[in-house]
Amino acid sequence: MFSSTTLHHLPRPNLLLPSSRVCRKVISRRMSTNPAIEPKVRKFESVEGVDIGSRNKSDGIRFRLVSYNILAQVYVKSALLPHSPPACLKWKARSHAILSVLKNLQADFFCLQEVDEYDSFYRNNMDSLGYSGIYIQRTGQRKRDGCAIFYKPSCAELVTKERIEYNDLVDSIKADSVSCSEQKIETSNEGKDSRKDSRDLNDPLVRLKRDCVGIMAAFRINKPFQHIVIVANTHLYWDPELADVKLAQAKYLLSRLAQFKTLISDEFECTPSLLLAGDFNSIPGDMV
């Protein structure tokens, strides 16, 4: 988030002869605004221990991929971001800043999480920058954000794609457990508010249903030679109190990726590269 503050020197009104003209002049100056300042773009830094000599080799495929949680506007609350000026939290200001950052990064692939204005903003604006996009919105009626992959058609051609819905984990529960849980929910709902029962985290049907999603796609890169690259983007569940749910999602993600890679390998008779990006809501030392 970016902000700028400019102090305006206001004329001191004549206290002995107040007038509406002076008041209007003061108010108009207070409300004046300056043109938006372009946000600063962070420079890429090499990771310690990485062999950067390979970057100079000309016999490989080179492209830039950026993973970025852009923070869905629906989650932007002043109470959660007390150090950010309120004006910077408005969508008009944020959208301008985000688009400027993405433009200056000049990536060939963008894996974005928490995208909640895909059709109304990102699709057309990224298209104007030379990108095509694929998008999956989170499941659930009240979930507006999702995951998007933007790519430059001049760099890569979309071959195929698949969506990942972690709510599918519910279907993997043993039939007897599902039957027992459904019977328990149905019985407890009689004469009660069903919303109360829907918060029972001891019920695996409730615990695993987090509405998180992911997307994976195969791209054909043609320069300097043809090669298939699989790019996956996801956003795992955040709550540290439900580390088992995050672990189940991560296991399901790797399983789906393995199946997808096998499918691509068999169909195109190749050995595709695989790049996994996303917001995993984990840092070193976490349980997952």
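Residues numbered from 1 in each chain as written. Predicted model: local features only at pLDDT ≥ 70, side-chain atom pairs only at ≥ 80, totals over all residues. Heavy atoms only, no water.

Taking an unreviewed UniProt entry as the reference, the protein chain is identified by name as DNAse I-like superfamily protein belonging to Arabidopsis thaliana.

Trainee: Could you give me a rundown of the overall build of the protein chain, with the residues and numbers involved?
Mentor: Of the regular secondary structure elements, the protein chain holds eight helices and eight strands. Put simply, of all contacts in the protein chain between residues at least 6 apart along the chain, 70% involve residues at least 24 apart. Accessible surface, the protein chain as shown: approximately 19,100 Å² in total, 52% of it carbon and sulfur. (Helix = DSSP H or I, 4+ residues; strand = E, 2+ residues; numbered from the N terminus. Contact = heavy atoms within 4.5 Å. Areas by Shrake-Rupley, 256 points an atom, 1.4 Å probe, with all protein chains shown as cover.)

Trainee: Could you give an account of the packing of aromatic side chains, naming the residues involved and the relevant values?
Mentor: All chains considered together, the criterion is met by eleven aromatic pairs. Consider the rings of Phe63 and Phe109, whose centres lie 5.3 Å apart with planes at 70°: the pair is edge-to-face. Within this pair, whereas Phe63 is found in the loop between helix H1 (20–30) and strand E1 (65–69), its partner Phe109 is found in strand E2 (residues 109–115), the two being separated by 46 residues in sequence. Where Tyr166 meets Tyr252, the ring centres are 6.1 Å apart and the plane angle is 70°; that geometry is what we call edge-to-face. A residue pair is termed long-range when its members are at least 10 positions apart, and Tyr166 in the loop between strand E5 (156–165) and helix H5 (175–188) and Tyr252 in helix H8 (residues 243–268) qualify at 86 residues. By relative accessible area, Tyr166 is classed as buried at 1%. (Phe/Tyr/Trp six-rings, centres within 6.5 Å; stacked < 30°, edge-to-face > 60°. Buried < 20%, exposed > 50% of the residue type's maximum accessible area, 1.4 Å probe, protein only.)

Trainee: Please give an account of helix H4 (residues 118–128) that cites residues and values.
Mentor: Within the span of H4, buried status applies to Tyr118, Phe121, Tyr122 and Met126. Summarising the axial view, the buried residues of H4 lie within an arc of 115°, below the 170-degree limit, and thus occupy one face. Exposed residues pointing more than 90 degrees away from the buried face of H4 are listed as Asp119, Ser120, Asn124, Asp127 and Ser128. Taken together, the buried residues of H4 touch helix H3 (91–105), E2, strand E3 (132–137) and strand E4 (146–151). (Arc of directions from axis to C-beta.)

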